Structure formats: C-alpha cells, structure tokens
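Report on the structure
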Amino acid sequence: MPRQFFAALSFLLLPALALALPDFHDYSQYTHWNGSFHNVDDQITSTVTCEILGTDYLASTGLISGLAMYGLNGGTMLELGNLPLPGSAQDVVFVGGAAYVASQPNRLTKVAVFNPAAPDSMWTELLPGSPLEVENFGQYLLVACGEDGLLVFDTTESFNLPVGLVAIWSGVANEVLVHENLAIILTGTGITALDLSDPLLPLARGSFALTGPLSLTLDGTTAFVGQQSTPQTGGTVTELDFNDPDSITLVRTFSGTDSPSVTALDVVAGKLVTAGYRDLKFIDLDLGEVVWDGVGPHTPEAMTHLEDHLAFACGGAGLNTYAVKSSGYPPSTDVFGMGETPKHLQIDGEFLFGHYGSKVYCFDLTQETPSLAWSYPPGDSSEYVLSLQAKDGRV
C-alpha cells in the first residue's frame, strides 16, 4: 500500500488575529500534530536528521521501507524517496553524501544519497553481530550490537569495498553517541564512556550504573538517560556529567513522563523533550521544571528534530511529525497562575485545555497572557483526572 500523509487537523489552528498579538505564545504550534507516514505492516525503527549538499533532510529506517528520505516544502514534511534493503533496517548514520544503514540480522549497507529522491545501494557487508544502532567517528563507524558488543568499522574504501571490521569492544552496547573522542555507550545497566583516541584500541574509562536505561541523548558533556520505572512513579530521566570520563557524576534526576518509560528524548533549543506512551513533555533545563505537558505519539523508539518539526519513530504507528516553533516555547514563568503546569494540554478553537489534580482547566487564548475561563468541577473532588481529549467544543 502506498504511504499516505495525513494532513494536520484544522481544529488545532488558532485564528490569525490571536497569533498576531504581541508576545502571544503559539501553543497550537507547540504541540501541533503535523501528520504521519505509515506503510501497513512496516515498523519504523529510527529517525535522524542529516545534511546533504548544504540542505537538511530527515531520514527514517523501517523493517519494510528500508531507508526513507524526507524534506520540508513550505513547512510541510514530504517523503522524497525510499530504498528497501535486505534484512530489517534498524538505524542509519550519514557521512557526506552516503548513508550507512545497520540492519538485522547482521548487515551494514552503504547507500548513495546525493539525490535524496533516489537513494542507491552501493555495497553490503556482513557483521559478526546483530546491530541495534550506528554512529560515525571520522572514517569509522561504531555499530552497537547489544550483547555482541561495539563493532568499530573502517569505511575507507579500496576498489569500492570497505576495509571492514577493525576492532570490537566486548561490553554490552545498546546505543552509542559520540562527543569529541569519546563514545558514550548505553549498556543494560547504565552508561560507559569509551575512549576512541585510538579507534583500533577502544578503552573503557568511567561508567555510571542506572536502573532500566532505555534511551540516551547528549548535550555537550552532559548525558540524559531515559529510564523505565513504574506506573506509579512514571518514567525518569537522569542527568549525568562526563566532563571527566573517568569519573561520571550525577547532576540530577527528574520525572520524564507520566507513562512508565522514557523511550525517546532530545535536547531542542534549551529544552529537554521527553516522550513515552502518548506522553510528550518539554523540560526547562535551567529550572529543571516541566513547562509543557502534552499528548504525544504512540511509544516512540527514537526521535529527532528538523527546523521547526519533531519526528518520532513509532514502530507500527509509523513516523509521526509534530510542528514546533522555537519562538513559541512557553515561558519559564507561571503564565497559568496555578503554581503548576497543567498536564495533557490541548487546543480546541480559541481555548487551551489541561488538567491537574482533580480538576480540568480551560484557558482563553485570545489575550496576550492565557487567562482561566473556567475549571471543573467547581468544588473539591476526590476523583483524580488522568487524561482528557478536547475536540469540536467538547471535552
């Protein structure tokens, strides 16, 4: 079945007059679902951004779709082309005009992407492990293969074939990201800093033990690790400092999602974006507080951002995109006057709805500062509100 792009729902858009008001915070664009790309029976496993010949693109990998390329046209995300690949594509990294796709059970494929609308396979190498993630480090690729360790692969070509596997780090490697000459490895029990000063002899430096690590993102020498917790406490995020890789230190731990697991996270314009099952939060890193608590996509396995769009790889639910404007980020001050940020914020017409504790709140967005229009129930209640849906004048 051909892929389909589902247009954004019109009821989420605010009137132009309201958007033109000075200092108005464009909440609709902040959590505006912008559509999805989905092929029946496919499983979208990863999504990344890349630059090809000076233009930024979005890419995804899928079990059936292989490698797919996307671009922005007038603010709309469009699929440009895709290339089915042998095996089940798990992750991709871009180096210049080439994409390196890691596929299970044991393949690494180089794809020419100088023309994103017509990606072309160049070669495929077999690996001594089943890859989960791939990252680049100069001429080398780092392939995380779970229990099979971290493979270091030299992409230098001779007669159009790579040099091949040059080193193996034997620890558990579920995810890998690079900062300068360090590889930060997400293991089954925490993170490990791997020194790549000599890529042929990777050296483990420090490590930090964590419970249930699921996702990883870096911001300079800071690592954010999304973790699995319990339905009672929700998913957590641990912030770690690896400026001294021999002694990784705890900075803080905070709530990442209402759902039990933080399955994807990213740092966007000074905000930490965390996602779990139908749960999307923006956390101000200066304050360490949630400034936006909205409804997100189905359990994303990975996320990235391209200009004013967030993209989530959501397995069988496809690649989901959300429009975000950096100028529309909610301020750090308490614009709601509640002392707390309402949860699961949603737009319907000129009103913003959310809930906190036992009440549902409705805010009027036609003013410079959102004002409380009403709350329900009017008195105290012992019932705790867990979720809501606002659409066509009904909540």
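Since the structure is predicted, the reported quantities are computational estimates derived from the model, not experimental observations. (Residues numbered from 1 in each chain as written. Predicted model: local features only at pLDDT ≥ 70, side-chain atom pairs only at ≥ 80, totals over all residues. Heavy atoms only, no water.)

A few words now on the overall build of the protein. Within the protein, the secondary structure is distributed over two helices and 33 strands. Across the protein, the fraction of contacts at a sequence separation of at least 24, relative to all contacts at a separation of at least 6, is 46%. For the protein, the exposed surface amounts to about 16700 Å²; the carbon and sulfur share of it is 51%. (Helix = DSSP H or I, 4+ residues; strand = E, 2+ residues; numbered from the N terminus. Contact = heavy atoms within 4.5 Å. Areas by Shrake-Rupley, 256 points an atom, 1.4 Å probe, with all protein chains shown as cover.)

With that settled, consider the nonpolar core. In this structure, V273, L280, F282, M303, L310, F312 and L352 are the most contacted members of the largest nonpolar core, which totals 18 residues. Counting 16 residues, the second-largest nonpolar core is a separate cluster that includes V48, M69, L85 and A89. (Core = buried A, V, L, I, M, F, W, Y, C linked by side-chain atoms within 4.5 Å. Buried < 20%, exposed > 50% of the residue type's maximum accessible area, 1.4 Å probe, protein only.)

Glancing now at the packing of aromatic side chains. The full count for this structure, using the stated rule, is two aromatic pairs. Considering the side-chain rings of Y100 and W123, the 6.1 Å spacing of their centres and the 55 degrees angle between planes classify their relative orientation as tilted. Of the two residues, Y100 is situated in strand β8 (residues 98–104) and W123 in strand β10 (residues 120–126); the sequence distance between them amounts to 23 residues. The pair formed by Y100 and W123 is uniform in burial state, with each residue classed as buried. Three or more aromatic residues joined by ring pairs form one cluster here, namely Y100, W123 and F153. (Phe/Tyr/Trp six-rings, centres within 6.5 Å; stacked < 30°, edge-to-face > 60°.)

The tally for this structure, following the rule as stated, stands at five salt bridges. For K110, the salt bridge is made with E157, and the minimal N-O distance between the two is 2.5 Å. A residue pair is termed long-range when its members are at least 10 positions apart, and K110 in strand β9 (residues 107–112) and E157 in strand β13 (residues 150–158) qualify at 47 residues. Assessed through its relative accessible area of 10%, K110 is described here as buried. Across the pair K281 and D279 runs a salt bridge whose closest N-O atoms are separated by 3.3 Å. The exposure classification of K281 matches that of D279, with both residues buried. One salt-bridge network, held together by shared partners, links D195, R205 and D246. (Salt bridge = Lys/Arg side-chain N within 4 Å of Asp/Glu carboxyl O.)

Take the environment of A317 next. Inspection of the secondary structure assignment puts A317 in the loop between β28 (309–313) and β29 (319–323). Given a relative accessible area of 27%, A317 falls into the partly exposed group. Residues contacting A317, with those up to four places away along its chain left out, are H38 and H298.

The next thing to look at is the sheet that holds strand β18 (residues 203–209). Strands sit in the order β15-β16-β17-β18 across an open sheet of four strands; the sheet is antiparallel. This sheet does not close on itself; its edge strands, each paired only once, are β15 (175–179) and β18. This sheet shows a mean twist of 20 degrees between the axes of neighbouring strands, independent of strand direction. (Pairing = 2+ DSSP bridges. Axes fitted to C-alpha atoms, helices over the stretch in contact; angles between N-to-C directions.)

Tracing the sequence through the fold places E135 in strand β11 (residues 133–137). Buried charged residue E135 carries no salt bridge. Nearest counter-charge: K110, at 16 Å. (Lys, Arg positive; Asp, Glu negative; His and termini not counted.)

A few words on the sheet that holds β9. Strands sit in the order β7-β8-β9-β10 across an open sheet of four strands; the sheet is antiparallel. The outermost strands of the open sheet, each flanked by one partner alone, are β7 (88–95) and β10. Each adjacent strand pair in this sheet contributes to an overall mean axis angle of 25 degrees, direction not counted. The pairing of β9 with β10 spans six bridges and is classified as antiparallel. Bridged to T109 within β10 is T124.

Of the polar contacts made by the side chain of K110, one reaches the side chain of E157; its length is 2.5 Å. If we ignore the near neighbours within four places in the chain, the residues touching K110 are A98, A99, Y100, D120, S121, M122, W123 and E157. (Polar contact = N/O pair within 3.5 Å; in protein donor to acceptor, adjacent residues only side chain to side chain.)

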